[in-house]
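Tertiary structure, described
The chain contents come next:
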Amino acid sequence: QVRVVEAGGGLVQPGGSLRLSCAASGSNLHIYDVGWYRQAPGKQRELVARIFSVGTTNYADSVKGRFTIDRDNAKNTVYLQMNSLKPEDTGVYYCNADIWTLSSGRETDWGQGTQVTVSS
């Protein structure tokens, strides 16, 4: 099973910035499309941003103009740059990656999540 790990969460004041990373471990793998999701307390998990194999992206309306998703294929890593953070951005952020591996073929994997708290 591929291990997908998120990092970069933390406590930040409104208006601040964080940069999250999502890294897939192992060799002989290829990452296709990747989505960043978040889940606030008492709410369902929602899609925040997605990046496809060809590099195209889409964003939830609530984060357009503030968040940017990008990827470094050489590092098997996808990033989420979050600027102008608001309290409503608070939640656990999860990475979901569609991955091909030599041993297992195509699979979709979730990371463990990283906590983002926006509060003064």
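Residues numbered from 1 in each chain as written. Predicted model: local features only at pLDDT ≥ 70, side-chain atom pairs only at ≥ 80, totals over all residues. Heavy atoms only, no water.

Re the state of the cysteines
Should the sulfur atoms of two cysteines be covalently bonded, the bond is a disulfide. In this structure the tally under the stated criterion is 1 disulfide. Paired through a disulfide, Cys22 and Cys95 show a sulfur-sulfur distance of 1.9 Å. Looking down the S-S bond of the Cys22 and Cys95 bridge, the torsion is -70°, so its handedness is left-handed. Taken together, the residues Cys22 in strand S3 (residues 18–24) and Cys95 in strand S9 (residues 91–101) connect sequence positions 73 residues apart. (Disulfide = S-S within 2.5 Å. Helix = DSSP H or I, 4+ residues; strand = E, 2+ residues; numbered from the N terminus.)

Quick notes on the sheet that holds strand S8 (residues 77–82)
Sheet architecture is open: 4 strands sit in the order S1-S3-S8-S7, paired in antiparallel fashion. The open sheet has two edge strands with one neighbour each: strand S1 (4–7) and strand S7 (67–72). Averaged over all pairs of adjacent strands, the angle between their axes in this sheet comes to 15°, without regard to strand direction. One ladder, built from 6 bridges, connects S7 with S8; its direction is antiparallel. Paired with Asp70 across the two strands is Tyr79, which belongs to S8. (Pairing = 2+ DSSP bridges. Axes fitted to C-alpha atoms, helices over the stretch in contact; angles between N-to-C directions.)

Geometry only, nothing functional implied.
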